[in-house]
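Survey of secondary and tertiary structure
One letter stands for each residue in the lines below.
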Amino acid sequence: MGAYPQTADWNEDGKKDLLVGDSNGIITLYLNTGTNSAPVLTNSGQIQAAGTQIDVGSRAAPAVTDWNNDGKKDLVIGTDLGSIRLYLNVGTNAAPVFNSYTTLMMGTTPISHYRSSPEVWDLDGDGKKDLLLGDWYGYMYFYSNTGTDANPQFSTEVRLRPGDTPNLLWVDRSARFDLADWDDDGDMDVIVGEWNAYVNFFRNITVITSVKPDDPVSDSYSLQQNFPNPFNPSTTILYILPVPSKVNLSVYNITGQLVKVLVDESKASGTHRVDWNVDDLRSGVYFYKLTAGAFSDVKKCLIVK
């Protein structure tokens, strides 16, 4: 038996809901009819695809993400036999609809680990979503996205290790991932549940050098895609200035309303980093716009709470 929970604002009412995959292969939706600070969960039935409940056979492990960057939440589901199913949302972000699924591949080979439990996150900080998996044997795997953020592709599999040691990160069976910046140092740490009810914490000690502020690396203006994306509660935006410039970096909602000014001042040339916390915003699609001199660019991002 087992339960595989995942939180998300499923119906876009600003309140966190709960999806639970179970050992029968079914995913049940519990909508929050209370508040974020005092949730009241109501059984709202099973998640469906093509008009019937999704059934992956046994041990459904769901992860919610905007897989193809269309502003709508999709489902990535681990299964008992190990394959990873992708259900793309053909409805809306507030009322997801799923039809058929595809199987995630590494090149031409299906990605498969017995009793897989997936997580989707930009772990290497390159602005593209990656795939992480825990399996029944307690190991954890990292699939770096070699495609694009809107069309992920995977060509290599890496078992997570502590530092440069030959040892593998391992727990006692049934590794189930979560990622969070537990120590608030700007990178994602790994939190893993296991069969014996222990929760394991693996601190990320990577020193990030590729996003060093004020490092002049370009002769042209550039606004980078935020990472991670989708995100909650924080993300990082990089922009590059070839010359000193008056900069405005602002965030707008999907109706074009200004919701946040991140930067509004003169900046030196080089690469600049902005860390943005969104505790005060609801789930949904947002746009951030950079204006610097005569340059202007807009990127889309997704908050998933």
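The preceding data block contains the structure.
Quick look at the structure, then. (Residues numbered from 1 in each chain as written. Predicted model: local features only at pLDDT ≥ 70, side-chain atom pairs only at ≥ 80, totals over all residues. Heavy atoms only, no water.)

Bringing the pattern of salt bridges into the picture now. Using the criterion set out here, one finds 10 salt bridges in the structure. Across the salt bridge formed by K15 and D13, the nearest N and O atoms sit 3.9 Å from each other. For D13, a relative accessible area of 30% corresponds to the partly exposed category. R115 is paired through a salt bridge with D80; the nearest N and O atoms lie 2.8 Å apart. One end of the pair, R115, is in the loop between β12 (109-110) and β13 (117-121); the other, D80, is in the loop between β8 (74-78) and β9 (84-87), with 35 residues separating them in the sequence. In the salt-bridge network here, residues are joined through shared partners; they are R59, D80 and R115. (Salt bridge = Lys/Arg side-chain N within 4 Å of Asp/Glu carboxyl O. Buried < 20%, exposed > 50% of the residue type's maximum accessible area, 1.4 Å probe, protein only. Helix = DSSP H or I, 4+ residues; strand = E, 2+ residues; numbered from the N terminus.)

For the rest of this paragraph, the subject is the environment of I237. Tracing the backbone through its elements, the reader meets I237 in strand β21 (residues 234-241). Taking C-alpha positions, I237 is 8.0 Å from L223, a pair spaced 14 residues apart along the chain. Residues contacting I237, with those up to four places away along its chain left out, are L223, Q224, N226, L249, L262, H272, R273, V274, W276 and Y288. (Contact = heavy atoms within 4.5 Å.)

Before going further, it helps to examine the packing of aromatic side chains. Within the structure shown, the criterion is met by eight aromatic pairs. Where Y143 meets F154, the ring centres are 6.3 Å apart and the plane angle is 75°; that geometry is what we call edge-to-face. Taken together, the residues span a long stretch of sequence, with Y143 in strand β15 (residues 140-143) and F154 in the loop between β15 and β16 (158-159) at a distance of 11 residues. Accessibility classification places Y143 together with F154 in one group, the buried group. Each ring, one from Y221 and one from F295, has its centre 5.3 Å from the other, and the planes form 10°; the classification is stacked. Here the residue Y221 occupies a position in the loop between β19 (199-202) and β20 (222-223), and F295 occupies one in strand β26 (residues 295-303), the gap between them amounting to 74 residues. Above the ring of W10, the side-chain terminus of K73 is found at 5.9 Å from the ring centroid. The ring of Y101 carries the charged tip of R85 above its face, separated from the ring centre by 4.0 Å. (Phe/Tyr/Trp six-rings, centres within 6.5 Å; stacked < 30°, edge-to-face > 60°. Lys NZ or Arg CZ within 6 Å of the ring centre and 35° of its normal.)

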